[in-house]
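As a plain string of letters, each chain reads:
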Amino acid sequence: MAVIRLPFTVDSSLAVEVPEERLAWVADYGRAKRPFSTDEETIREALAHPIGAPPLRELAGPDKTVAVMVDDVTRPTPVPLLLPHVLRELSAAGVSPSNVRVVIAVGTHRVLTDAEIRQRCGLLSPKVEVLCIHHTQLDKFVDIGQGVGGEPIVVLKAVFEADLKIGIGNIVPHMYAGWGGGAKIIQPGVCAQVTTEFTHTLGVLNDSVLNLCTNPENIVRREMESIAAAVGLDFIVNTVLDQDKGIVNVFAGHYIEAHRAGVALAEQIYRPTIPELADVVVTTAYPSHLDYRQGIKALIHAQYGVRPGGVVILAMAAPEGLAGGDEAHSEAISVWGPQSEQTIRQAILERKPSDLIAAAFALCHRQMLDRARVICLSEGIDQDTLSRLGFVPTASIGSALERAEEMVGREARIGVVTSAGCVVRCQQEMRQNGGGH
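Computed from a predicted model, the values in this text were never measured in an experiment.

Can you help me understand the overall build of the protein chain in this one?
Scanning the protein chain for helices and strands turns up 16 helices and 20 strands. Computed over C-alpha atoms, the radius of gyration of the protein chain comes to 22 Å, within 12% of the 22 Å expected from 2.2 N^0.38 for 437 residues, which places it in the range of a compact globule. Taken along its principal axes, the extent of the C-alpha atoms in the protein chain is 70 × 50 × 45 Å. Counting over 437 residues, the protein chain shows a buried share of 59%. Sequence separation of 24 or more characterises 76% of the internal contacts of the protein chain that already satisfy a separation of 6 or more. When the accessible surface of the protein chain is split by element, carbon and sulfur atoms take 48% of a total near 17,200 Å². For the protein chain, the centre of its 39 positive side-chain charges and the centre of its 51 negative side-chain charges are spaced 2 Å apart.

Could you clarify how one ought to interpret the sheet that holds strand β15 (residues 278-284) in this entry?
Within a sheet, adjacent strands bond to each other through the backbone by hydrogen bonds, running parallel or antiparallel. The parallel open sheet is built from six strands, whose spatial order is β3-β19-β15-β16-β17-β18. Each of the sheet's edge strands pairs with one partner strand only, and the pair in question is β3 (23-27) and β18 (392-393).

Help me understand the packing of aromatic side chains in this model?
Aromatic rings considered in pairs are described by the distance between their centres and by the relative angle of their planes. Per the stated rule, a full pass over the model turns up three aromatic pairs. Each ring, one from Tyr29 and one from Tyr270, has its centre 5.4 Å from the other, and the planes form 80°; the classification is edge-to-face. Of this pair, Tyr29 sits in the loop between β3 and α1 (39-48) while Tyr270 sits in helix α9 (residues 257-270), and the two are 241 residues apart along the sequence. Here Tyr29 falls in the buried class, since its relative accessible area comes to 15%. With centroids separated by 5.6 Å and ring planes inclined at 80°, the aromatic side chains of Tyr292 and Phe391 adopt a geometry described as edge-to-face. Highlighted residues: Tyr292 in helix α10 (residues 292-302) and Phe391 in the loop between α14 (383-388) and β18, separated in sequence by 99 residues. Across the pair, exposure class does not vary: Tyr292 and Phe391 are buried alike. Pairwise contacts between aromatic rings join Tyr292, Phe361 and Phe391 into one cluster.

When you look at the side chain of Ser330 in this model, what are you seeing that I'm missing?
Here Ser330 is to be found in helix α11 (residues 327-336). By relative accessible area, Ser330 is classed as buried at 15%. Side-chain polar atoms of Ser330 contact the backbone nitrogen of Ala323, separated by 3.3 Å. Those residues in contact with Ser330 that lie beyond four places of it in its chain are Leu322, Ala323 and Gly324.

Can you help me understand helix α6 (residues 193-206) in this one?
Within an α-helix, residues lying three or four positions from one another point in the same direction, as the helix has 3.6 residues per turn. Relative to the 20 Å expected for 14 residues at 1.5 Å per residue, α6 spans 20 Å between its end C-alpha atoms, a close match to the ideal helical length. At its buried positions, α6 is contacted by β8 (152-156), α7 (209-212), α8 (219-231), α12 (341-349) and α13 (356-371).

Explain the packing of α6 against α13 to me, please; I cannot follow it from the model alone.
Helix-helix packing is described using two parameters, namely the angle between the two axes and the distance between the axes. Two numbers describe how α6 lies on α13: the axes approach to 8 Å, and their chain directions differ by 20°. Classified by the angle between their axes, α6 and α13 sit roughly parallel to one another. The two elements α6 and α13 cross, and the hand of that crossing is left-handed. Contacts between α6 and α13 involve Gln193, Thr196, Glu197, His200, Thr201 and Val204 from the former and Leu356, Ile357, Ala360, Leu363, Cys364 and Gln367 from the latter. By residue class, the composition of the contact of α6 with α13 is six nonpolar, five polar and one charged.

Teacher, can you tell me more about the packing of α11 against α13 here?
The interhelical angle for the contact between α11 and α13, taken along N-to-C directions, is 40°, at an axis separation of 9 Å. Relative to α13, the element α11 lies oblique. Read as a crossing pair, α11 and α13 show a hand that is right-handed. Facing α11, whose interface residues are His329, Ala332, Ile333 and Trp336, α13 presents Ile357, Ala358, Phe361 and Ala362. Class assignment for the residues of the contact of α11 with α13 results in seven nonpolar, one polar and no charged.

Explain unusual backbone geometry to me, please; I cannot follow it from the model alone.
Of all residues except glycine, most have a negative phi; of all peptide bonds, most are trans. Here the amide bond leading from Gln187 into Pro188 is cis, since omega sits at 15°, within 30 degrees of zero. When you line up the elements, Pro188 lands in the loop between β11 (178-179) and α6. The linkage connecting Tyr286 with the following residue, Pro287, adopts the cis geometry, with an omega of 5°. Its identity as a non-glycine residue notwithstanding, Lys245 has a phi of 65°, on the positive side.

Is there a simple way to think about empty space enclosed by the protein in this case?
Over the atoms rolls a probe the size of a water molecule, and in doing so it shows where empty space is left. All chains considered together, the criterion is met by one cavity of 30 Å³ or more. Its boundaries defined by the atoms lining it, the largest cavity holds a volume of some 40 Å³. Contributing to the lining of the largest cavity are Ile104, Val106, Gly107, Ile133, His134, His135, Phe141, Leu156, Gly189, Val190 and Cys191. A per-class count over the lining of the largest cavity returns seven nonpolar, four polar and no charged.

About the cut-offs
Residues numbered from 1 in each chain as written. Predicted model: local features only at pLDDT ≥ 70, side-chain atom pairs only at ≥ 80, totals over all residues. Heavy atoms only, no water. Helix = DSSP H or I, 4+ residues; strand = E, 2+ residues; numbered from the N terminus. Rg over C-alpha atoms; globule rule 2.2 N^0.38 Å. Buried < 20%, exposed > 50% of the residue type's maximum accessible area, 1.4 Å probe, protein only. Contact = heavy atoms within 4.5 Å. Areas by Shrake-Rupley, 256 points an atom, 1.4 Å probe, with all protein chains shown as cover. Lys, Arg positive; Asp, Glu negative; His and termini not counted. Charge placed at Lys NZ, Arg CZ, Asp CG, Glu CD. Pairing = 2+ DSSP bridges. Phe/Tyr/Trp six-rings, centres within 6.5 Å; stacked < 30°, edge-to-face > 60°. Polar contact = N/O pair within 3.5 Å; in protein donor to acceptor, adjacent residues only side chain to side chain. Expected span 1.5 Å × (residues − 1). Axes fitted to C-alpha atoms, helices over the stretch in contact; angles between N-to-C directions. Parallel < 35°, antiparallel > 145°, perpendicular 65-115°, else oblique. Left-handed = near helix turned anticlockwise from the far one by under 90°. Nonpolar A, V, L, I, M, F, W, Y, C, P; charged D, E, K, R; others polar. 1 Å grid on protein atoms, 1.4 Å probe; cavity = no way out; pocket = protein on both sides within 12 Å on 5 of 7 lines; lining within 4 Å. Points joined across faces, edges and corners; volume = space filled by probe spheres on them.

Written out as structure tokens, the structure reads:
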């Protein structure tokens, strides 16, 4: 038997035992060479030689106000490493700390606690204001008109009114935007829910989530970039990290050109190649394991490795349930997740759900369950809820494999994905499709 250990939580793992003759493949992160020996050197080099934009020292100036946007604690971006370098560049250009605001781009997530803010930003000058604003505080936002797709663009005033707008983020596969990073720091990062509802539903109403994920030119990414242009995003600093969350490289500059350069590297790390589609794919939600709102990434990514009609075994701890502390979002997922794709799609078109973002999530969920049957092992989501959502609940990986074999046969070929962040590419399908994204 081949034994593969899957991380389940920060402190625990699961053993997957597969007969060696039926193990189709094991997918793990790829490797990429680091161009510089230290993180500090890598960051300095990126800021000194930005892609598609002048250096910050040229963009900034003594009389300019600056908004530096950073993503929140659900992302692995090494903000405490990056932010001091950005602030030093601004200082070298003569920008006073009192003219700098650090804005935590929480999007429609919860606001951070004071302790989380300190952890996220590190030590800052007391003159640098830090803002973390919930998307429901509408008096803090401004409506700047409609975007090219007709969507209302409602953005934080503190960002829109700044003379210089800088975004710090990280590039990983993303179910709607194709990849994280770039313009995503603006939308959904610092936009109100009405704008975010538009981009999230735009993607799922016009395409399958499997065509959106890892495609940096998809309809959602293009719309996000048009919103970033309207808001006036000037400069990004994006990391590409390895499986240990260490910096492989940093990409700074224009929010499209620098981002695409980063995507080219990220593809080498996050998109391992597999020889064939498996009958059964076993995957872990770790490190997106805290709730299903994050853990769905693992389910979506596993679909790239399983044949249509096959089985995905999802090991997801989910100690925070369906959507963390967001009871309204959890309730909406519970209501819409069991519905058919057509029912959810029609409801979104008619704007029936009170939470359209959750409805878009439910549509993605349904697309995945319609493509492959899903057996789910979870500690934080009870079996009744799993069953209601269309999962087959299980108590262990061993029993999950037994059930999968009942579904697809005792000779099933089994693939294993060792991290939620991996989005495999199948050699057979790549040849058939001429490469694909």
